[in-house]
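# Coordinate inspection notes
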Amino acid sequence: MITVGLTGGIGSGKSTVAKVFELLGVPVFYADTEAKEVYNDADIREQLVNKIGPDIYKSDVFNKNLMRQFLFESEANRFFINQLIHPKVAERYQNWKRKQNAPYIIREAAILIESGSYKDCDQIIVITAPIEMRVQRVLHRDKISAEEVQKRIAAQWSDAERSKYAQHVWINDNKEDLLMNILLFDNAIRA
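Small disclaimer: the values here were computed from a predicted structure and weren't measured.

## Thoughts on the nonpolar core
Nonpolar side chains tend to gather and get buried jointly when the protein is soluble and globular. Ranked by size, the top nonpolar core spans 28 residues in total, and within it Tyr39, Leu48, Met67, Ile81 and Ile85 carry the most contacts. Elements with a minimum of two residues in this core: helix 2 (31-38), helix 3 (42-52), helix 4 (64-71), helix 5 (75-98) and strand 6 (123-128). Examining the composition of this core, we find that six residues originate from one element, helix 5, more than from any other. Excluding anything up to four places from it in sequence, leucine 48 contacts Tyr39, Gly53, Ile56, Tyr57, Phe62, Met67, Phe80, Ile81 and Leu84. The next biggest cluster of nonpolar side chains, apart from the first, holds 17 residues, and it includes Leu6, Tyr30, Trp170 and Leu178.

Given below as structure tokens:
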């Protein structure tokens, strides 16, 4: 079974691409979704409360806004969270992968390369998009300020940095035929 890593910066459209692969019957592991579930593990909760404070769980519900604020305050904060969360997500991924029976699977993750998870992938697809388009997508999706979106983009690797690790770089700018790229890739893998 071939493992395909799928990544891209915030607002690039990687999750949309992953959904298209799912429609084609390809199993997709969503690392970011799994990470959100890991935040509710008892040992993770304890460490987060000790590091960030009790407000990280309001009425027993994980405070995503406070986490975003913490993550984008500093590189040290991102490092702390990544070291805490990624081993748990990697464990969940391995358990999920053992249950799959398909010609190939997709491992979708925002920081696939930065976390080192790309090393377990046979091929990497990077989704890119112009910065202005990414900002508009995130503004529409997350209802946050343009300044906040720019801050998040600045905290991530650039498309150029990610692309160095990729066998496939697809542009999601409403000009390139992204769907054709997906279908051609799917056909080539299944051939």
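## Details of the sheet that holds strand 6
With parallel pairing, five strands are arranged side by side in an open sheet as 2-5-1-6-7. What marks the edges here is a single partner per strand, and that holds for strand 2 (28-30) and strand 7 (168-171). With direction set aside, neighbouring strand axes in the sheet form an average angle of 20°. Where strand 1 (residues 2-8) and strand 6 come together, five bridges link them in parallel fashion. Within strand 6, the position partnered with glycine 5 by the bridge is isoleucine 124. Relative to the sheet, helix 1 (residues 14-23) contacts strand 1, strand 2, strand 5 (104-108), strand 6 and strand 7, its axis offset from that of strand 2 by approximately 150°. Along the sheet, helix 5 contacts strand 1, strand 2 and strand 5; its crossing angle with strand 5, the most-contacted strand, is approximately 165°.

## Things to note about the side chain of aspartate 159
Tracing the backbone shows aspartate 159 in helix 8 (residues 159-163). A distance of 3.1 Å separates polar atoms of two side chains, one belonging to aspartate 159 and the other to arginine 162.

## Observations concerning the environment of arginine 78
With respect to the secondary-structure elements, arginine 78 resides in helix 5. Under the relative-accessibility criterion, arginine 78 is labelled buried at 16%. Sequence separation between arginine 78 and alanine 110 is 32 residues, and the spatial gap between their C-alpha atoms is 13 Å. Ignoring anything within four residues of it in the chain, the contact list for arginine 78 reads Leu71, Phe72 and Ala155. A polar atom in the side chain of arginine 78 sits 2.8 Å from the backbone oxygen of leucine 71.

## Points about the pattern of salt bridges
Inspection of the entire model under this criterion finds 14 salt bridges. One salt bridge connects arginine 92 with glutamate 34, and the closest N-O pair in it is separated by 3.0 Å. You can see arginine 92 sitting in helix 5 and its partner glutamate 34 sitting in helix 2, a full 58 residues away along the chain. The shortest N-O distance in the salt bridge between arginine 152 and glutamate 148 comes to 3.7 Å. One end of the pair, arginine 152, and the other, glutamate 148, are both in helix 7 (residues 146-155), four residues apart, so they sit about a helical turn from each other. Residue glutamate 148 is classed as partly exposed on the basis of its relative accessible area of 23%. Linked by salt bridges that have partners in common, Glu34, Glu37, Asp41 and Arg92 make up one network.

Conventions we followed
Residues numbered from 1 in each chain as written. Predicted model: local features only at pLDDT ≥ 70, side-chain atom pairs only at ≥ 80, totals over all residues. Heavy atoms only, no water. Core = buried A, V, L, I, M, F, W, Y, C linked by side-chain atoms within 4.5 Å. Buried < 20%, exposed > 50% of the residue type's maximum accessible area, 1.4 Å probe, protein only. Helix = DSSP H or I, 4+ residues; strand = E, 2+ residues; numbered from the N terminus. Contact = heavy atoms within 4.5 Å. Pairing = 2+ DSSP bridges. Axes fitted to C-alpha atoms, helices over the stretch in contact; angles between N-to-C directions. Polar contact = N/O pair within 3.5 Å; in protein donor to acceptor, adjacent residues only side chain to side chain. Salt bridge = Lys/Arg side-chain N within 4 Å of Asp/Glu carboxyl O.

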